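The lines below spell out each chain.
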Amino acid sequence: MRISVEDPLTLAIAPPKDETPQEREIREQAEIEARRTSEVIDEQIRQERAALKKKKKSVKVLLLGQSESGALSRFTDFQLQHARREWAEERASWRAVIYLNLVRNIVRVLDILSREMFLAEGEKRAGSTEYLSDSDDETTSDRIVYRFSDKHRFMQRRLGPLRSIQSDLENKLGPESQEVRSTAYISATPFDSPGSQLLPKRPSRDFGVNSTNGWKSALEKLRPSMMASARPQRRSDSDHDGITDVLVACKETMLELWQDPIVQQVLSHRKTKIEDSPGFFLDDIDRIVSYDYEPSDNDIVRARLRTVGVQEHKVVMDDGKSFGSGKEWLLYDVGGTRSSRVAWASYFDDVDAIIFLCPISCFDERLREDRHINRLEDSYMLWKSVCSSRILAKTEIILFLNKCDLLHNKIKRGMCIKDHIPSYGSRKNDTITVMRYFQQHFKEISKQCSPEPRPFFIHFTSVIDTKATAATLSVVEESILRTHLRNADLL
């Protein structure tokens, strides 16, 4: 058997047989340049690999909790404490979000007022001179008489343009500004399903182009107009200044609506506590509806902007004094609606810690996307599923019982916990006792459902107390980092 000594590759790269000396010189120069380029690329790869080995490993933290649990507020608290420069750059962009929150507050009041006035007109057409409310929550013995006047009809007409302002702001901010009112998912924990862990790990693409920072993209789109000087004479080319013009023109009427005794009577009768909802700014109309308004730290923490999908936020500690100063943190802010939870499982495998948020003030509330489900019961089911996950058996889980200030306000107004939670029994109806009750309940679930024993870390936080929350986050930060280093045999 004859074997050819001619290698096909050798034949392919061999110089032409009729190559001239000039062509040979050009070819050899090209080969020298190609080798030099290859060596440069190889050196770059070597340096990048060496730098990657020296680089501190990022700390990955997952924020879990149902929608409106306060995950965005906790992230902004973290940023406020440890990344002041980035925080300052974004401050002005939050103005549009806060204005959207305010407009939604007003539109919600207008919707309630319109319904009651419509029913009142029906009563008058039936022959009655005054309207008696027929609220489902009210008994016949204490039916309240509403004396609506032309003033209320004027306020409705005067504030009508705010509905267009709401649509304009929602279009500018994108999906993050839209609230979910329904869901196709019946389960509270769709991430437990077998296929959920096979989902690709990626940020949501519901907004922006390949966005990796979610709601921050919404803020970025508004930044140019936000940074402009906010004076009336400079509004010609700015949509945002046009929105501010409308709000300033409606300012006095908004104040009259919110302070009107009849409107307050309607809201009280319907047991509508707008002040307990996220993004409440009706008590700040006089301050924030202004051409020179700049959002404060407190305003930004209180603002409501929904998380769409799973968003990644990179924060590098720049305070120079914390245990993890100079270290990069990756915080994954996940959507809390039932339709968003299916993506959670793909983030469980390599996370260093989980901060689980439960708003304990919601014991009397129901999910926006499923009005049959109590929000506290939904949090219990979520907590049970997270604790029982074998993938998270060795992951540090820190429980934040959030919105304690709103819980205190509800109890102060006379709400009885046992009316909504029968198992609460005859315990004292005060804030401290209620907080301890919830703490014990979550602790028992953790103890019973965890695959192996784990420490129980819990912190009580509020919506607007940024200083207390910052102190809590510092403790959490050090705990996570020490565990992180211990697992890496560095401590």
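The rules we used
Residues numbered from 1 in each chain as written. Predicted model: local features only at pLDDT ≥ 70, side-chain atom pairs only at ≥ 80, totals over all residues. Heavy atoms only, no water. Helix = DSSP H or I, 4+ residues; strand = E, 2+ residues; numbered from the N terminus. Buried < 20%, exposed > 50% of the residue type's maximum accessible area, 1.4 Å probe, protein only. Contact = heavy atoms within 4.5 Å. Axes fitted to C-alpha atoms, helices over the stretch in contact; angles between N-to-C directions. Parallel < 35°, antiparallel > 145°, perpendicular 65-115°, else oblique. Left-handed = near helix turned anticlockwise from the far one by under 90°. Arc of directions from axis to C-beta. Polar contact = N/O pair within 3.5 Å; in protein donor to acceptor, adjacent residues only side chain to side chain. Core = buried A, V, L, I, M, F, W, Y, C linked by side-chain atoms within 4.5 Å. Phe/Tyr/Trp six-rings, centres within 6.5 Å; stacked < 30°, edge-to-face > 60°. Lys NZ or Arg CZ within 6 Å of the ring centre and 35° of its normal. Disulfide = S-S within 2.5 Å. Salt bridge = Lys/Arg side-chain N within 4 Å of Asp/Glu carboxyl O. Nonpolar A, V, L, I, M, F, W, Y, C, P; charged D, E, K, R; others polar.

**Student:** Lay out the overall build of the protein in plain terms, naming residues and giving numbers.
**Tutor:** When helices and strands are counted, the protein shows 16 helices and 8 strands. Put simply, the protein has 491 residues, and 48% of those count as buried. Within the protein, contacts between residues at least 6 apart in sequence are counted, and of these 77% link residues at least 24 apart.

**Student:** Explain the packing of helix α14 (residues 404-412) against helix α15 (residues 431-449) to me, using residue names and the numbers behind them.
**Tutor:** At a closest axis distance of 10 Å, the pairing of α14 and α15 adopts a crossing angle of 130 degrees. In terms of their interaxial angle, α14 and α15 are classed as oblique. As α14 packs across α15, the resulting crossing turns out to be right-handed. Across the interface between the two elements, Cys-404, Leu-407, His-408 and Ile-411 of α14 pack against Thr-431, Val-434 and Met-435 of α15.

**Student:** How would you explain helix α10 (residues 261-269) if you had to name every residue and give the values?
**Tutor:** The periodicity of an α-helix, 3.6 residues per turn, causes residues three or four places apart in sequence to face the same way. Inspection of α10 places Ile-262, Val-263, Val-266, Leu-267 and His-269 among the buried residues, and these make up the whole buried set. Angular distribution of buried residues about the axis of α10 spans 165 degrees; they occupy a single face of the element. Where α10 begins, the side chain of Asp-260 points an oxygen toward the backbone nitrogen of Ile-262, at a separation of 3.0 Å.

**Student:** I'd like to hear about the nonpolar core, residue by residue, with values.
**Tutor:** Formed by 46 residues in total, the largest nonpolar core has its most connected members in Ile-106, Met-254, Leu-257 and Leu-282. For this core, the secondary structure elements donating two or more residues are α5 (94-125), α7 (162-173), α9 (239-259), α10 and α11 (285-288). Membership of the second largest hydrophobic core comes to 39 residues, among which are Tyr-332, Leu-399, Met-435 and Phe-438.

**Student:** Before we move on, could you go through the packing of aromatic side chains and cite the residues and values that matter?
**Tutor:** Enumeration over the complete set of coordinates arrives at 8 aromatic pairs. Consider the rings of Tyr-424 and Tyr-437, whose centres lie 5.1 Å apart with planes at 85 degrees: the pair is edge-to-face. Of the two residues, Tyr-424 is situated in the loop between α14 and α15 and Tyr-437 in helix α15; the sequence distance between them amounts to 13 residues. Accessibility expressed as a relative area gives 1% for Tyr-424, which makes it buried. Exposure remark for Tyr-437: the relative accessible area of 11% places this residue in the buried category. Aromatic ring contacts, followed pair by pair, group Phe-356, Tyr-380, Trp-383, Phe-442 and Phe-456 into a single cluster. Its end group placed over the ring of Phe-363, Lys-410 keeps NZ or CZ at 5.4 Å from the ring centre. One residue, Arg-427, lies across the ring of Tyr-424, its end atom 5.8 Å from the ring centre.

**Student:** Let's hear about the environment of Arg-163: which residues, and what values?
**Tutor:** Looking at the element boundaries, Arg-163 is found in helix α7. Its relative accessible area of 35% is what places Arg-163 among the partly exposed residues. Linking Arg-163 and Arg-104, residues 59 residues apart in sequence, is a C-alpha distance of 8.4 Å. Beyond its immediate sequence surroundings of up to four residues, Arg-163 is in contact with Val-107, Leu-110 and Asp-111.

**Student:** Describe the environment of Ile-398, and please don't skip the residues or the numbers.
**Tutor:** Along the chain, Ile-398 falls in strand β7 (residues 396-402). Here Ile-398 falls in the buried class, since its relative accessible area comes to 1%. A C-alpha to C-alpha distance of 7.6 Å links Ile-398 and Ala-353, two positions 45 residues apart in sequence.

**Student:** Provide a residue-level description of unusual backbone geometry, including the pertinent values.
**Tutor:** Of note, the phi angle at Lys-403 is positive, near 60 degrees, even though the residue is not glycine. Tracing the sequence through the fold places Lys-403 in the loop between β7 and α14.

**Student:** Explain the state of the cysteines to me, using residue names and the numbers behind them.
**Tutor:** Taken as a whole and judged by the stated rule, the model has 0 disulfides. Not part of a disulfide, Cys-358 finds its nearest cysteine sulfur in Cys-362, a span of 5.6 Å. For Cys-358, a relative accessible area of 0% corresponds to the buried category. With no disulfide of its own, Cys-449 lies 6.7 Å from the sulfur of Cys-387, the closest cysteine sulfur.

**Student:** Explain the side chain of Lys-410 to me, using residue names and the numbers behind them.
**Tutor:** By the element assignment, Lys-410 lies in helix α14. Assessed through its relative accessible area of 3%, Lys-410 is described here as buried. Reaching out from Lys-410, the side chain makes a polar contact with the side chain of Glu-365 at a distance of 2.8 Å. Those residues in contact with Lys-410, other than ones at most four positions away along the chain, are Asp-276, Ser-361, Cys-362, Phe-363, Asp-364, Glu-365 and Met-415.

**Student:** Residues and numbers for the pattern of salt bridges, please.
**Tutor:** Scanning the entire structure with this criterion turns up 21 salt bridges. The partner of Glu-28 in a salt bridge is Arg-24, and the shortest N-O contact between them spans 3.1 Å. Separated by 4 residues within a single helix, Glu-28 and Arg-24 lie in helix α2 (residues 21-54), roughly one turn from each other. Relative accessible area serves as the criterion here: at 33%, Glu-28 is assigned to the partly exposed category. Residue Arg-24 is classed as partly exposed on the basis of its relative accessible area, which comes to 48%. Between Asp-364 and Lys-410 there is a salt bridge, with the nearest N and O atoms lying 2.6 Å from each other. Of this pair, Asp-364 sits in the loop between β6 (353-359) and α13 (375-388) while Lys-410 sits in helix α14, placing them 46 residues apart in sequence.

**Student:** An account of the side chain of Ser-450 is requested, with residue identities and associated values reported.
**Tutor:** Position of Ser-450 among the secondary structure elements: in the loop between α15 and β8 (457-460). On the basis of relative accessibility, which here comes to 13%, the residue Ser-450 falls in the buried class.

**Student:** Quick one: what's the story with the packing of α13 against α15, residue by residue and with numbers?
**Tutor:** At their nearest, the axes of α13 and α15 sit 8 Å apart, and the two run at 35 degrees to each other. Every pair of crossing elements has a handedness; the one defined by α13 and α15 is right-handed. Residues Leu-376, Ser-379, Tyr-380, Trp-383, Lys-384, Cys-387 and Ser-388 of α13 form the contact with α15, whose participating residues are Phe-438, His-441, Phe-442, Ile-445, Ser-446 and Cys-449. A breakdown of the residues in the contact of α13 with α15 according to their chemical character gives 8 nonpolar, 4 polar and 1 charged.

**Student:** So what's going on with α14? Which residues, and what values?
**Tutor:** Among the residues making up α14, those that are buried are Cys-404, Leu-406, Leu-407, Lys-410 and Ile-411. On an axial view of α14, the arc spanned by its buried residues comes to 160 degrees, and they lie on one face. Buried positions along α14 lie against β7, α15 and β8. At the exit of α14 stands Gly-414, carrying a positive phi of roughly 105 degrees.

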